[in-house]
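Structural features, examined
Here is how the chains run, residue by residue.
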Amino acid sequence: MNRRLILPLVVFLLGAAALAAAAFITFAPGGRQAGQSLASSVGGPFALTTTEGKTLTDKDLRGAPFLVFFGFTHCPDICPTKLFEISEVLRAAGTKGEKLRALFISVDPERDTVETLKSYLDSFDPRIIGLTGDRAAIDAAIKAYRGYSKKVPLKDGDYTMDHTALVYLMDKNGGFVGAFNIERPPAEAAQEWLRHL
């Protein structure tokens, strides 16, 4: 094999291994009971506060498939990019997607107040529902979705949040369908989402 091809191949294989390891850690079967499927182990009950100051629970979303994404308003690039992509998918769904909703659950409730979330989400599709709550409620939602969140101090005394950047697709009964690939043409992603109506 040509030596010039070996390094890119090794880098590709290491990247693929890292991706497989991340998927395994996120969806490792360790927390499941015998006979419990992966789909039934992701998601669950939650009660969080919307940008309108109202309580929203998982039961309120029954009847239509929805997306779940964890993030925070001080996120420099990943969160706004994902929210823009979700907005584009919702737009591509057209009138068929009127019942579709996406949840943006803050992992930083100390800074992400109802007012902060409301202002932040004004730039995105109104079907994206911002949710916050106290630390215990947020941690319970993260755990239910087998997610991860950690406060990371910065040199200037401020902090950022390291968190799961997966977009979860849930069915109309609140069951986990799978990780939703948002990095594809919006019309294609919209068609997959609409199939679960």
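Rules used in this analysis
Residues numbered from 1 in each chain as written. Predicted model: local features only at pLDDT ≥ 70, side-chain atom pairs only at ≥ 80, totals over all residues. Heavy atoms only, no water. Pairing = 2+ DSSP bridges. Helix = DSSP H or I, 4+ residues; strand = E, 2+ residues; numbered from the N terminus. Buried < 20%, exposed > 50% of the residue type's maximum accessible area, 1.4 Å probe, protein only. Right-handed = clockwise from strand over helix to strand, strands pointing away. Contact = heavy atoms within 4.5 Å. Core = buried A, V, L, I, M, F, W, Y, C linked by side-chain atoms within 4.5 Å. Salt bridge = Lys/Arg side-chain N within 4 Å of Asp/Glu carboxyl O. Phe/Tyr/Trp six-rings, centres within 6.5 Å; stacked < 30°, edge-to-face > 60°. Lys NZ or Arg CZ within 6 Å of the ring centre and 35° of its normal. Arc of directions from axis to C-beta.

Along a regular strand, successive side chains alternate from one face of the sheet to the other. Pairing of strand β8 (residues 167–170) with strand β9 (residues 176–179), which is carried by 3 bridges, proceeds in the antiparallel orientation. Within β9, the residue paired with Tyr-168 across the bridge is Ala-179.

For the rest of this paragraph, the subject is the pairing of strand β3 (residues 66–71). A large share of β3 lies buried, amounting to 6 of its 6 residues. Two elements, β3 and strand β4 (residues 101–106), share 6 bridges in a ladder whose sense is parallel. Across the sheet, Gly-71 pairs through a bridge with Ser-106, a residue of β4. Of the crossover connections in this fold, the one passing from β3 over helix α3 (residues 78–93) to the parallel β4 is right-handed. Pairing of β3 with β8 involves 4 bridges; the strand directions are antiparallel. Paired with Phe-69 across the two strands is Val-167, which belongs to β8.

It is worth spelling out the side chain of Thr-50 at this point. For Thr-50, the location among the structural elements is in strand β1 (residues 47–50). The buried category is assigned to Thr-50, whose relative accessible area is 11%. The contacts of Thr-50, once residues within four sequence positions are left out, are Leu-56, Val-114, Ile-129, Gly-130 and Leu-131.

Another point: the nonpolar core. Residues Val-68, Phe-70, Leu-103, Phe-104, Ile-128, Tyr-145 and Trp-193 are the most contacted members of the largest nonpolar core, which totals 49 residues. The residues contacting Phe-104, other than those within four sequence positions of it, are Phe-69, Gly-71, Phe-72, Cys-79, Leu-83, Leu-117, Tyr-120, Leu-121, Ile-128, Ile-129, Gly-130 and Leu-131.

On to the pattern of salt bridges, then. Using the criterion set out here, one finds 11 salt bridges in the structure. Among the ionic pairs, Asp-58 bridges to Arg-62, the shortest N-O distance being 3.4 Å. Residue Asp-58 is classed as buried on the basis of its relative accessible area of 11%. We classify Arg-62 as partly exposed; its relative accessible area is 44%. Here Glu-188 makes a salt bridge to Arg-184, at a shortest N to O gap of 3.9 Å. Shared partners join several salt bridges into a network, and the residues in it are Asp-108, Arg-111 and Asp-158.

With that out of the way, let us pick up the packing of aromatic side chains. Overall, the coordinates contain 8 aromatic pairs when judged by the stated rule. Between the aromatic rings of Tyr-120 and Phe-124, the centroid separation amounts to 6.0 Å while the plane-to-plane angle is 55 degrees, which identifies the pairing as tilted. Both residues of the pair, Tyr-120 and Phe-124, count as buried. Taken together through their ring pairs, the aromatic side chains of Phe-69, Phe-104, Tyr-120 and Phe-124 make up a single cluster. Positioned above the aromatic ring of Tyr-159 is the side chain of Arg-111, whose terminal nitrogen or guanidinium carbon lies 3.8 Å from the ring centre. Over the aromatic face of Phe-180 sits the side chain of Arg-184, whose NZ or CZ is 5.1 Å from the ring centroid.

All buried positions along helix α4 (residues 114–121) are accounted for by Leu-117, Tyr-120 and Leu-121. Seen from one end, α4 has its buried residues packed into an arc of 90 degrees, which puts them on one side. Turned more than 90 degrees from where α4 packs its buried face, Glu-115 and Ser-119 sit exposed. Close packing links the buried residues of α4 with α3, β4 and β5 (128–132).

Take it as geometry only, folks, not as evidence of what the structure does.
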